Amino acid sequence: MDIQNKRIPDSEFNALRQEVLTQWPTGKDVNLEEAVAYHKAMPENRIFSLKLLKAKQDKMTLVQPRAGVPVVERHIELLQHLQDKGEADLLPTTIDSYTRQNRYTEAENGINESLRLDRAMLNGFPAVNHGVQKCRQVIESVNVPVQVRHGTPDARLLAEIAYAGGFTSYEGGGISYNLPYCKNIPMERTIRDWQYVDRLTGLYEEMGVSINREPYGPLTGTLVPPCISHAAAIIEALLAAEQGVKNITVGYGQCGNLVQDIAAIQTLEELTDEYLHKYGYNDVVVTTVLHQWMGGFPADEAKAFGVISMGSMIAALSKATKVIVKTPHEAVGIPTMEANAEGLRCTKQVVNMLRDQTFQGKELEDEKEIIRMETRAIVDKCFELGNGDIAVGACRGVTSGALDVPFAPCRFNAGLMLPARDNNGAVRILNFGNLPFSKELKDFHIQKIEERANYEKRKASFQMVIDDVYAIGKGYLVGRPRN
């Protein structure tokens, strides 16, 4: 499949739309002009892009949970509880796994079974099956903006239904919703399908409706070095901007080292702006999101709140525009709405206490410079591999390992790079694979890993990686040998 980072021509896009909207019967209810009018009549307190912009201007950190159940009435009850009892500034609608794989018949069966048994038989909200009017019912039931969060490689019909249904933010991208989620889908296909989503977003923008787009920051979630997630986010931002998107939230998954995580969030916004301006996209608003720890959690709820509080502190001190909040039930399964609200209130308390505080120092500035050098090396190499076209370069970068996501299930990902923590818990590179790092950068990582190996009196090896993956769930950050 041939791809390029060029805006999809109107004639081609319109032909694609006719095909996409026939994929499930609810597609017939999408009317672009009517949907635009619906958005324009929406009160400002329900518009994601406006709330993010104000938070950025005020240097506030907004709190947002994950949540989604299959039955409309139960989903509304859940969101209202998170708004009223959890004090959420922003709300999600997490989509079920069948919808993510475009298996709408199974999703329909899941809705029916959920109604019959009076309990959730899907792990999210099947928005495509519910259709435009039921999505609007959800939007109109709360007083804060609502975002669609999912994990869909081909999210075109879901985007059509979600936008017409009144959602004002949409997560995902051709890299971030492929490599962490899929095994056999080529990058060219997901990038092409997500160019459709971004062109649809751009079309709404041109008609006077600004919809926020958010690449999925954490990728595989555990021990992803900042430069890897930064590079993916920057590339997805560039791809989105070319299709006309004007409001983009780039994300990062908490790794656990205070200095590195703050440096990561601050450089993420800076570098995204840098590349957007470098390639001529000068009217895009960039905001940031920190995802609280995406790896294993302690089963003990009190300890889980400790992990949540740490992520909340990082979000506040880094001045992330928003933070995606975990719950004290992470280790045991899907949380109750009460537990979800508790995680939100815990986070809200911490970010409010730290709102007027800052974090500075040489160590922070040194870490920021390392992240800048690493990220630029990867993104620039992808441009080089694509002969100046970042859509082509992203695909070639993934295949070659210039952009290599650790622990990704996708067979098109090189899978050669391995991360491990250094002696202070920052995520470094144990095996470089084909990352396009200079000798200076490689020597830095080797030294940091060796310092830990010497301290622990063992060789740097894959065992360190394993130990680090499980460490936080056991109550630590660095996976050291312990008696």
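Source: prediction; values computed, not measured.

Regarding the overall build of the chain
Part 1 of the argument: When you go through the chain residue by residue, the secondary structure sums to 17 helices and 10 strands.
Part 2 of the argument: In terms of overall dimensions, the chain is globule-like: its C-alpha atoms have a radius of gyration of 21 Å, near the 23 Å expected for 483 residues.
Part 3 of the argument: Dimensions along the principal axes, computed over C-alpha positions, put the chain at roughly 65 × 50 × 40 Å.
Part 4 of the argument: Looking at the chain residue by residue over its 483 residues, the buried ones come to 61%.
Part 5 of the argument: Restricting the contact set of the chain to residue pairs at least 6 apart, pairs at least 24 apart contribute 75%.
Part 6 of the argument: Carbon and sulfur atoms form 49% of the exposed surface of the chain, whose accessible area is close to 18400 Å².
Part 7 of the argument: Side chains of the chain carry 54 positive and 61 negative charges; the gap between the two charge centres is 3 Å.

Some remarks on empty space enclosed by the protein
Part 1 of the argument: According to the stated counting rule, one finds 1 cavity of 30 Å³ or more in the structure shown.
Part 2 of the argument: In this structure, the largest cavity occupies an estimated 60 Å³ of space.
Part 3 of the argument: Elements represented by at least two residues in the lining of the largest cavity include exactly helix H9 (187–206) and helix H10 (226–242).
Part 4 of the argument: Considering each element in turn, the lining of the largest cavity owes the most residues, 4 residues, to H9.
Part 5 of the argument: Residues of the lining of the largest cavity, tallied by class, amount to 4 nonpolar, 3 polar and 3 charged.

What to know about the layout of surface pockets
Part 1 of the argument: Of the pockets and cavities examined, the largest pocket occupies roughly 940 Å³.
Part 2 of the argument: Residue lining of the largest pocket: 29 residues in total, with Arg-66, Ala-67, Thr-94, Ile-334 and Pro-335 positioned closest to the centre.
Part 3 of the argument: Residue assignment for the lining of the largest pocket shows that the elements contributing at least two residues are helix H4 (72–84) and helix H13 (337–354).
Part 4 of the argument: At 3 residues, H4 tops the list of elements feeding residues into the lining of the largest pocket.
Part 5 of the argument: Class assignment of the residues belonging to the lining of the largest pocket gives a composition of 13 nonpolar, 8 polar and 8 charged.
Part 6 of the argument: For the second largest pocket, the calculated volume is near 280 Å³.

Brief notes about a nonpolar patch on the surface
Part 1 of the argument: A contiguous nonpolar patch, built from Phe-462, Ile-466 and Tyr-470 and spanning about 310 Å² of accessible area, is present on the exposed surface.
Part 2 of the argument: Topologically, Phe-462 is positioned in helix H17 (residues 462–471).
Part 3 of the argument: With relative accessibility at 45%, the residue Phe-462 sits in the partly exposed group.

Section: the pairing of strand E6 (residues 247–253)
Part 1 of the argument: The buried count for E6 comes to 7 of 7 residues, which makes it a mostly enclosed element.
Part 2 of the argument: Across the two faces of E6 the burial is the same, with Asn-247, Thr-249, Gly-251 and Gly-253 and Ile-248, Val-250 and Tyr-252 all buried.
Part 3 of the argument: With 7 bridges connecting them, E6 and strand E7 (residues 285–291) associate as parallel partners. In the sheet register, Ile-248 faces E7, and the bridge partner there is Val-286.
Part 4 of the argument: Once the chain exits E6 it traverses helix H11 (residues 258–278) before rejoining the sheet at E7, and the crossover so formed is right-handed.

Looking at the nonpolar core
Part 1 of the argument: Tyr-170, Tyr-204, Ile-228, Leu-403 and Phe-437 are the most contacted members of the largest nonpolar core, which totals 129 residues.
Part 2 of the argument: A per-element tally of this core places H10 first, with 12 residues.

Focus: the packing of helix H1 (residues 10–20) against helix H8 (residues 156–164)
Part 1 of the argument: Remark: H1 packs on H8, axes separated minimally by 10 Å, with the N-to-C direction vectors making an angle of 90 degrees. Taken together, the axis directions place H1 and H8 in an arrangement best described as roughly perpendicular. Of the residues in H8, those touching H1 at Leu-16, Arg-17 and Val-20 are Arg-156, Leu-157 and Glu-160.
Part 2 of the argument: Taken together, the residues of the contact of H1 with H8 sort by class into 3 nonpolar, no polar and 3 charged.

Re helix H3 (residues 48–58)
Part 1 of the argument: Buried within H3 we find Phe-48, Ser-49, Leu-52 and Ala-55. Down the axis of H3, the buried side of the element spans an arc of 130 degrees, and every buried residue falls inside it. The outward face of H3, more than 90 degrees from its buried face, is lined by the exposed residues Lys-54 and Gln-57.

So, the environment of Val-286
Part 1 of the argument: Within the secondary structure layout, Val-286 lies in strand E7.
Part 2 of the argument: For the pair Val-286 and Leu-477, spaced 191 residues apart in sequence, the C-alpha separation works out to 31 Å.

How each quantity is defined
Residues numbered from 1 in each chain as written. Predicted model: local features only at pLDDT ≥ 70, side-chain atom pairs only at ≥ 80, totals over all residues. Heavy atoms only, no water. Helix = DSSP H or I, 4+ residues; strand = E, 2+ residues; numbered from the N terminus. Rg over C-alpha atoms; globule rule 2.2 N^0.38 Å. Buried < 20%, exposed > 50% of the residue type's maximum accessible area, 1.4 Å probe, protein only. Contact = heavy atoms within 4.5 Å. Areas by Shrake-Rupley, 256 points an atom, 1.4 Å probe, with all protein chains shown as cover. Lys, Arg positive; Asp, Glu negative; His and termini not counted. Charge placed at Lys NZ, Arg CZ, Asp CG, Glu CD. 1 Å grid on protein atoms, 1.4 Å probe; cavity = no way out; pocket = protein on both sides within 12 Å on 5 of 7 lines; lining within 4 Å. Points joined across faces, edges and corners; volume = space filled by probe spheres on them. Nonpolar A, V, L, I, M, F, W, Y, C, P; charged D, E, K, R; others polar. Patch = residues over 30% accessible without salt bridge, like charges linked within 9 Å, V, L, I, M, F, W, Y side chains within 5 Å. Salt bridge = Lys/Arg side-chain N within 4 Å of Asp/Glu carboxyl O. Pairing = 2+ DSSP bridges. Right-handed = clockwise from strand over helix to strand, strands pointing away. Core = buried A, V, L, I, M, F, W, Y, C linked by side-chain atoms within 4.5 Å. Axes fitted to C-alpha atoms, helices over the stretch in contact; angles between N-to-C directions. Parallel < 35°, antiparallel > 145°, perpendicular 65-115°, else oblique. Arc of directions from axis to C-beta.

Fair warning: the whole summary comes from geometry, so function is off the table for now.
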